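Fold and contact review
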Amino acid sequence: MAAMTPTPAPHAPDAPAAGAGTDTGPAAAAQPRAARRPRPRPRVWRGAVLALAGAYFLLPLLASFVFTVHVPGQGISFEAYTQLLSADGFTKSLLLSLGLAAATIALTLLLAVPALVAVRIGSPRLRPVVEVMCMMPLVVPPIALVTGITTVLRWGPDHLSRTPLYQTFLAVQNPDFPFVLVLAYTVLALPFVYRSLDAGLRAVDVPTLVEAARSCGASWPYVVLRVLLPNLRAALAGAAFLTLALVLGEFTIASLLGFQPFAVWIVSISGAHARMSVAVSVLSLLITWLLLLLLSRAGTAPATVSSGSSRHPRTSRTSGKES
């Protein structure tokens, strides 16, 4: 009987006694793993890259500002900025460029958004065709585009003088608001608008959202305005800013067609008022950055929920699950 009695195994000297209140659960196993993780090191190179990028963009702007306020032999003078509002053509050209930019943004989005949504929902196979058509302005140089526009504008009044289209050719060339520039800028802005909207549509499950809204009884205008556009707010803001920057800085087409928006006016005064032209360029950059901040703010603002959406809580929950 003594030979059959099992002998107890010797305890390890470092092993804790049973029932001593030690934790052998998952938390205890996770502690050594957490202790093994290396501490995050400061990314010094990120700060260096950001500093170089900031210096690359800010130093030319700072040099331009110093050129406008420093007059040799006189010291610091802000005369170049104080004379802007009273300069001949400043307000008119700036308002014209802003009006052209607003019309171009509206026309471009009105053409691109329904087309891309329709391709995304109904005909995905047509996406390469639409992409090639929208990217064509990158292949055609602006000088060739303006040459074709000039040829058409000269050909129209000579051959369509007895038709109603004659007045149309005259109306699009109105110097107060040349709509022909809006048409040309729309063509130039199509590649940038397409890329921005295409990225926004890829980030959203458009077929599921449309199917959920249509199954709840929503009409197509309601689906586009209240379901799709709020989800594309950031993409729409990016497309609007790119179009705005293009219109404010475009010079070739407007100059060759004989119109004077903001960019053409800056070049026209550069010979007689060098400091004023540089001051206007600095202010135009600041205005563009300010509009960028406003558009980015509008693109990232949370969507407001209308009071009518709380009338059918079950429908909203169902559509949320389906989406």
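Below, the structure is looked at part by part. (Residues numbered from 1 in each chain as written. Predicted model: local features only at pLDDT ≥ 70, side-chain atom pairs only at ≥ 80, totals over all residues. Heavy atoms only, no water.)

1. What to know about empty space enclosed by the protein
So the rule is basically this: A cavity here means a set of points on a 1 Å grid, drawn over the protein atoms and nothing else, where a 1.4 Å probe fits but cannot get out; a pocket is an open set with protein on both sides within 12 Å along at least five of seven lines, and a residue lines either one if it has an atom within 4 Å of a point. Grid points are joined across faces, edges and corners, and a volume is the space filled by probe spheres set on the points. For helices the rule is a DSSP run of H or I covering at least 4 residues; for strands it is a run of E covering at least 2, with both sets numbered from the N terminus onward. Amino acid classes used here: Ala, Val, Leu, Ile, Met, Phe, Trp, Tyr, Cys and Pro are nonpolar; Asp, Glu, Lys and Arg are charged; the rest, including Gly, are polar.
Applying the stated criterion across every chain, the model contains one cavity of 30 Å³ or more. One number sums up the size of the largest cavity: a volume of about 60 Å³. Forming the walls of the largest cavity are Leu116, Val119, Arg120, Arg127, Tyr194, Asp198 and Leu201. Elements represented by at least two residues in the lining of the largest cavity include exactly helix 4 (90-121) and helix 8 (179-202). Within the lining of the largest cavity, the residues separate by chemical class into four nonpolar, no polar and three charged.

2. Details of the packing of aromatic side chains
The condition is simple: Here is the rule: rings of Phe, Tyr and Trp (six-membered ring for Trp) pair when centre to centre is within 6.5 Å. Planes less than 30 degrees apart are stacked, more than 60 are edge-to-face, and the remainder are tilted. Type-normalised accessible area, obtained with a 1.4 Å probe on protein chains alone, sets the label of each residue: buried when under 20%, exposed when over 50%, and partly exposed for intermediate values.
Evaluation of the coordinates by the stated rule reveals four aromatic pairs. Centroid distance phenylalanine 90 to phenylalanine 262: 6.0 Å. Interplanar angle 65 degrees. Geometry classified as edge-to-face. Taken together, the residues phenylalanine 90 in helix 4 and phenylalanine 262 in helix 13 (residues 262-269) connect sequence positions 172 residues apart. Here phenylalanine 90 and phenylalanine 262 have matching classes, each one buried. What links up through ring pairs into an aromatic cluster is the set Phe90, Phe262 and Trp265.

3. Overview of a nonpolar patch on the surface
Spelled out, the test is: Like-charged residues within 9 Å of one another, or nonpolar side chains (Val, Leu, Ile, Met, Phe, Trp, Tyr) within 5 Å, are grouped into patches, provided each residue has over 30% relative accessible area and no salt bridge. Only the protein chains shown count as cover for residues, and the accessible areas themselves come from Shrake-Rupley with a 1.4 Å probe. By definition, a salt bridge exists where a carboxyl oxygen of Asp or Glu is found within 4 Å of a side-chain nitrogen of Lys or Arg.
A cluster of nonpolar side chains, namely Tyr56, Phe57, Leu58, Leu285, Leu286, Trp289 and Leu292, defines an oily patch on the protein surface of about 730 Å² accessible area. Of all elements in the fold, only helix 2 (44-69) and helix 14 (274-300) reach the threshold of two or more residues within the nonpolar patch. Residue position: tryptophan 289 is located in helix 14. Judged by relative accessible area, tryptophan 289 falls into the partly exposed class, the value being 39%.

4. Thoughts on helix 5 (residues 127-139)
Because an α-helix packs 3.6 residues into every turn, residues spaced three or four apart end up facing the same way. Short version of the rule: How far a helix is expected to stretch is found by multiplying one less than its residue total by 1.5 Å. Two axes enter the definition of the bend at a residue: one is fitted to the seven residues ending there, the other to the seven starting there, and the bend is the angle between them. Two residues form a contact once any of their heavy atoms are found within 4.5 Å.
Spanning 13 residues, helix 5 covers 19 Å between terminal C-alpha atoms, matching the ideal 18 Å at 1.5 Å per step. Methionine 133 marks where helix 5 bends most, by close to 25 degrees; the proline proline 137 follows one to four residues later. Among all positions in helix 5, only Val130, Glu131, Cys134, Met135 and Pro137 are buried. Looking at the buried positions of helix 5, the neighbouring elements they touch are helix 4 and helix 8.

5. What to know about the pattern of salt bridges
Pairing between side chains of opposite charge can happen when their charged atoms approach one another. Applying the stated rule across the entire model yields four salt bridges. For the salt bridge of arginine 127 with aspartate 198, the shortest nitrogen-to-oxygen distance reads 3.1 Å. With arginine 127 in helix 5 and aspartate 198 in helix 8, the pair connects residues that are 71 residues apart, well separated along the chain. Shared partners join several salt bridges into a network, and the residues in it are Arg127, Glu131, Arg195, Asp198 and Arg202.

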